[in-house]
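Examining the three-dimensional arrangement
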Amino acid sequence: MAAGVATWLPFARAAAVGWLPLAKKTMPKPPVDNTSRSDEILYVNVSGVRFQTWKNTLDRYPDTLLGSSEKEFFYNEDTQEYFFDRDPEMFRHILNFYRTGKLHYPRHECIQAFDEELAFYGIVPEIIGDCCMEEYRDKKKENQERLAEDTEANEAMDAPLPPHSTSRERLWRAFENPHTSTMALVFYYVTGFFIAVSVIANVVETVPCRPPKGSVKDLPCGEKYQLAFFCMDTACVLIFTFEYLMRLFAAPSRCKFMRSVMSVIDVVAIMPYYIGLVMPENEDVSGAFVTLRVFRVFRIFKFSRHSQGLRILGYTLKSCASELGFLLFSLTMAIIIFATVMFYAEKGTKGSTFTSIPASFWYTIVTMTTLGYGDMVPNTIAGKIFGSICSLSGVLVIALPVPVIVSNFSRIYHQNQRADKMRAQQKVRLARIRMAKKGTANAFLQYKEDRSVGDRQSNSTALCVKNRSAFEHQHHHLLHCLEKTTNHEFTNEVNYSELCMTESVGFRTSRSTSLSSQQGAQNNSTGCCPRRARRRAAMRLANSTVSVSRGSVQELDTLHVKTTCIPPQTRSSLNAQAGDLKLNCGEQDFTAAIISIPTPPANTPDESLPPSPAPIPGILRNTRATAYTSDTVKISSL
Amino acid sequence: MGAVVGTLTMQTKQRRPSRDKADDDLEMTMVCHRPEGLDQLEAQTNFSKRELQVLYRGFKNECPSGVVNEDTFKQIYSQFFPHGDASTYAHFLFNAFDSAHTGSIKFEDFVTALSILLRGTITEKLQWTFNLYDINRDGYINKEEMTDIVRAIYDMMGKYTYPVLKNDAPKQHVDAFFQKMDKNRDGVVTLDEFILSCQEDENIMRSLQLFENVI
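What counts as what
- Residues numbered from 1 in each chain as written.
- Chains lettered and ligands numbered in written order.
- Predicted model: local features only at pLDDT ≥ 70, side-chain atom pairs only at ≥ 80, totals over all residues.
- Heavy atoms only, no water.
- Helix = DSSP H or I, 4+ residues; strand = E, 2+ residues; numbered from the N terminus.
- Buried < 20%, exposed > 50% of the residue type's maximum accessible area, 1.4 Å probe, protein only.
- Contact = heavy atoms within 4.5 Å.
- UniProt positions renumbered as here; feature names shortened; annotations may be inferred.
- Buried area = accessible area lost by both parts, 1.4 Å probe.
- Polar contact = N/O pair within 3.5 Å; in protein donor to acceptor, adjacent residues only side chain to side chain.
- Pairing = 2+ DSSP bridges.
- Axes fitted to C-alpha atoms, helices over the stretch in contact; angles between N-to-C directions.
- Parallel < 35°, antiparallel > 145°, perpendicular 65-115°, else oblique.
- Left-handed = near helix turned anticlockwise from the far one by under 90°.
- Nonpolar A, V, L, I, M, F, W, Y, C, P; charged D, E, K, R; others polar.
- Phe/Tyr/Trp six-rings, centres within 6.5 Å; stacked < 30°, edge-to-face > 60°.
- Core = buried A, V, L, I, M, F, W, Y, C linked by side-chain atoms within 4.5 Å.
- Salt bridge = Lys/Arg side-chain N within 4 Å of Asp/Glu carboxyl O.
- Patch = residues over 30% accessible without salt bridge, like charges linked within 9 Å, V, L, I, M, F, W, Y side chains within 5 Å.
- Areas by Shrake-Rupley, 256 points an atom, 1.4 Å probe, with all protein chains shown as cover.

Description of the overall build of chain B
- Per the secondary structure count, chain B includes twelve helices and five strands.
- Among the 215 residues that make up chain B, the fraction classed as buried is 42%.
- Restricting the contact set of chain B to residue pairs at least 6 apart, pairs at least 24 apart contribute 59%.

Details of unusual backbone geometry
Residues and elements named next belong to chain B.
- For the bond running from Y162 to P163, omega is -5 degrees, close enough to zero to count as cis.
- Inspection of the secondary structure assignment puts P163 in the loop between β4 (161–162) and α10 (169–181).
- The backbone phi angle of H101 is positive, close to 55 degrees, even though this residue is not glycine.

Considering the UniProt feature "transmembrane region" (unreviewed entry) in chain A
Residue and element names in this part refer to chain A.
- The UniProt entry lists residues 183–204, 224–245, 324–345, 351–373 and 385–406 under the feature "transmembrane region" (unreviewed entry), expressed in the numbering used here.
- Taken as a whole, residues 224–245 contains 95% helix and 0% strand, while its terminal C-alpha atoms sit 33 Å from one another.
- Along residues 351–373 the backbone is 52% helical and 0% strand, and the end-to-end C-alpha distance reaches 18 Å.

What to know about the interface of chain A and chain B
- Facing the 73 residues of chain A at the interface are 66 residues of chain B.
- Interface area for chain A against chain B, summed over the two sides, is near 6,600 Å², with a carbon-plus-sulfur share of 72%.
- Among the residues chain A hides against chain B, the three largest losses belong to A:W8, A:F11 and A:L22. Together they make up 12% of the total.
- Here chain A and chain B share seven residue pairs in polar contact (both at pLDDT 80 or more) between them.
- Per-element tally for the side of chain A that touches chain B: the top contributor is helix α18 (residues 470–486) of chain A, with ten residues.
- In this structure, strand β7 (residues 489–490) of chain A lies alongside β4(B), joined through two bridges in antiparallel fashion. Paired with A:E489 across the bridge in β4(B) is B:Y162.

Brief notes about the packing of helix α8 (residues 122–133) of chain B against helix α11 (residues 191–200) of chain B
All names here are of chain B.
- Direction vectors running N to C along α8 and α11 enclose 125 degrees, while the axes themselves pass 10 Å from each other. Considered as vectors, α8 and α11 are oriented oblique to each other. As for the relative orientation of α8 and α11, their crossing is right-handed in sense. Only L191, F194, I195 and C198 of α11 make contact with α8, whose side of the interface consists of T123, L126, Q127, T129, F130 and Y133.
- A class-by-class count of the residues in the contact of α8 with α11 yields seven nonpolar, three polar and no charged.

A look at the packing of aromatic side chains
- Under the counting rule described, the total for this entry stands at 47 aromatic pairs over all chains.
- Between A:W19 and B:F81, the ring centres sit 6.1 Å apart and the planes meet at 65 degrees, which makes this aromatic pair edge-to-face. Of the two residues, A:W19 sits in the loop between α1 (9–15) and β1 (41–46) while B:F81 sits in the loop between α5 (70–78) and α6 (87–97), which places them in two different chains.
- For the ring pair A:F298 and A:F301, a centre distance of 5.6 Å and an interplane angle of 50 degrees mean the geometry is tilted.

Digging into the UniProt feature "domain: EF-hand" (unreviewed entry) in chain B
All names here are of chain B.
- Sequence positions flagged by UniProt for "domain: EF-hand" (unreviewed entry) are, in local numbering, residues 85–120, 121–156 and 169–204.
- Between the end C-alpha atoms of residues 121–156 the distance is 28 Å, and the span holds 72% helix and 8% strand.
- Span residues 169–204 is 72% helix and 8% strand, its end C-alpha atoms 21 Å apart.

Observations concerning the sheet that holds strand β3 (residues 75–76) of chain A
All names here are of chain A.
- Strand order across the open sheet formed by four strands is β2-β1-β4-β3, with mixed pairing between neighbours. Only two strands of the sheet have a single neighbouring strand rather than two, namely β2 (49–54) and β3.
- Sheet analysis places β1 next to strand β4 (residues 81–84), joined by three bridges and oriented parallel. Counterpart to V44 in the pairing with β4 is Y82.

Some points on the nonpolar core
- Counting residues in hydrophobic clusters, the biggest one holds 78 residues, and the most contacted among them are A:W19, B:Y77, B:F81 and B:F110.
- Sorting elements by how many residues they give to this core places helix α9 (residues 143–157) of chain B first, with eight residues.
- Leaving out residues up to four positions away in the same chain, B:Y77 has contacts with A:F11, A:A12, A:A15, A:W19, B:A86, B:Y89, B:A90, B:L93 and B:M156.
- Counting residues in hydrophobic clusters, the runner-up holds 27 residues, among them A:V44, A:F51, A:M90 and A:I123.

Section: the side chain of A:N202
Residues and elements named next belong to chain A.
- On the secondary structure map, N202 appears in helix α7 (residues 182–204).
- A relative accessible area of 15% means that N202 is categorised as buried.
- For N202, the contacting residues outside a window of four places in its chain are R296, V297 and R299.

A look at the pattern of salt bridges
- A full pass over the atoms with the stated rule returns 20 salt bridges over all chains.
- As a salt-bridge pair, A:R50 and A:E81 come within 3.0 Å of each other at their nearest N and O atoms. Taken together, the positions of A:R50 in strand β2 and A:E81 in strand β4 put the pair 31 residues apart, joining distant regions of the chain.
- In this structure A:E81 comes out as buried when scored by relative accessible area, which is 7%.
- Linking B:K180 and B:D201 is a salt bridge whose minimum nitrogen-to-oxygen distance equals 2.7 Å.

With respect to the environment of A:F73
- When you line up the elements, A:F73 lands in the loop between α2 (55–59) and β3.
- Linking A:F73 and A:F83, residues ten residues apart in sequence, is a C-alpha distance of 9.4 Å.

A look at a nonpolar patch on the surface
Residues and elements named next belong to chain A.
- Judged by side-chain polarity, V294, F295, V297, F298, I300 and F301 come together as a nonpolar surface patch covering roughly 510 Å² of accessible area.
- With respect to the helices and strands, the residue F301 is situated in the loop between α12 (283–294) and α13 (308–319).
- Under the relative-accessibility criterion, F301 is labelled partly exposed at 41%.

Put into structure tokens, the structure is as follows:
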């Protein structure tokens, strides 16, 4: 039950007097409250610190330790007080919760100690007030992350392989987590080495080497030692190709793998070589071929498999794309403005380098970033004035967004993490609240079930009563009064849907008796269950394989059991509700309903004809007999 | 450059919703109400001093300002009926409790009503119930008022009931009620008809005794 409503229960029960003239049946007897009614002061001794409080205060939350009979275990007869061997400082907050209805988190306390106290006193942390909830959550998250880091660092990739894993899975795992086996580690380092070698080779082959004998011009090393470089390149590419093919083979989902960034980088890294191989030694296309060699530099990105930092950088850039885009946009605007101004300012000058606005772009960029190469310089006075404004504003324009972006990085990064976690927690929180609400609803249904069982077993002992508090008794009595007033009973969703289906079946079967009245009744029930569900249900029931019919029998069985354990007034109420349906005595007509299922009328034309109805009643009889003998019947699947 | 700065500031401009409503709420909660003296209340109601003390402690804890407004009332009442929607019936109850129509229930109203409901005579209880049903306080219960009340009660049951709630169940209930209560068949039920009919019904008489020991 939610906070503090225990106080209002007497008022809600008193208000039930308003239902009395409407009720068709007598109200059930109220529960007898044997406990002493008068309010008294309780003494709670927590490790020597004595607290005093009204009994009613503690009774507000009957599902906690102090509010339920669980505290009797801690009662000390000699000193007439409840003794808890716990932290008195924490207990202060716990007791305040009972008094005010809000649980506050003491900021100076350790989060785990607080959690343990809450667990001891049976208080769920979800009810921490909004004022302290965020602080509590943050600290808890921090704590958990710290603990998770420690454990993760310990076990990390040492998770054992699932048994019976194929060689393919093992291969994939070796690729993803190189630390698992020595072979994988060796391969990992070898590929890393070859990436480095390949990159260095690309760099070195452009360095001018000493010219060979007899030539004056300096030659790049790549042309001097062409064969050596070619061999090295071939070796690297072979290894990369082999690695790529192995990964492709081992990948659990090849399409996904081929779409991933790393595989694209791999392909781009090795493609130029193969293209160069198949390309003929043609003068025209060799120019294009040279450009292709640029792509070999992408091999350096292969390092991101080996470096966590690169991956994080890539991720943060991706997540700050909007910020970067904004920076770019504002820069572009400034560049265009200043380039235009400079161009028109320098237009008249002879021999000006500002030949067009796009040409002035270069000047603007160089000036704004305070590079100042000096290859383009304004000569007119106006040009110089605008040039200085440009360089001054360049500092501002570039310097301003950068801290914004930096702070955005951290803000967005942390926010994303927090938002995701909060969303997940919110879902969990709502689900818990929903469950608690359902729990209250279900508690009443459970109470009814217990009561109904208790009715049949008159010698049932207090086992039936379980450990329900006085509050719960009174609340259930109140709900029971409401049921009697309206002549309907509470059920849960499962039973309700069953009821819908079976009632529709009932409608169908009595079609033969009186058509016009059925129409009316059917139209009424359309409100409760959609037509589709009914037809589906009818088809399901009509499509009688024996198991299905037994299933349907079970549903009707539960209904049937219900009618027996609830006093006959329900049956008469069924009369009133069903209206035009001639279900006079529950038993007989249920049989009638069951039997006529297998012979579907014309409204399910597309269903196969069921087997003969003969065996089915036999099954029915048996099951019905067993229903009588069974003592406890699970009515609702709680 | 001004345009650049303008673009930069554009993102940060956000309008905050006006805080006036929060100020109003703050003012309302500042209003504190203290009930009359304990002796006076004891004289006016059928409760003993101890019972009044218990009641007031609970009341004050839930509503430190000393008054309950309708929203709080609806919220509290809804918590007892998680299956369905108790807000309509809570609205009618609120009006029944708030006899002076001030828009809020003070402790005196609360305790007066409880005194009638729990410790009052049969006639007083029936009169209170009549006032509950008579929404517009004209001294007559007509079919529309009764239908509203009954529908509100059925709303509290929620959707999942056994047997399944039909759409005309409230109407049938109201018809049965008028059948029983409306003696002269004039379409409305007066207080005397109501009290008379209830006194004739044994079930009702018996049930009225049930709620005596709630406190």
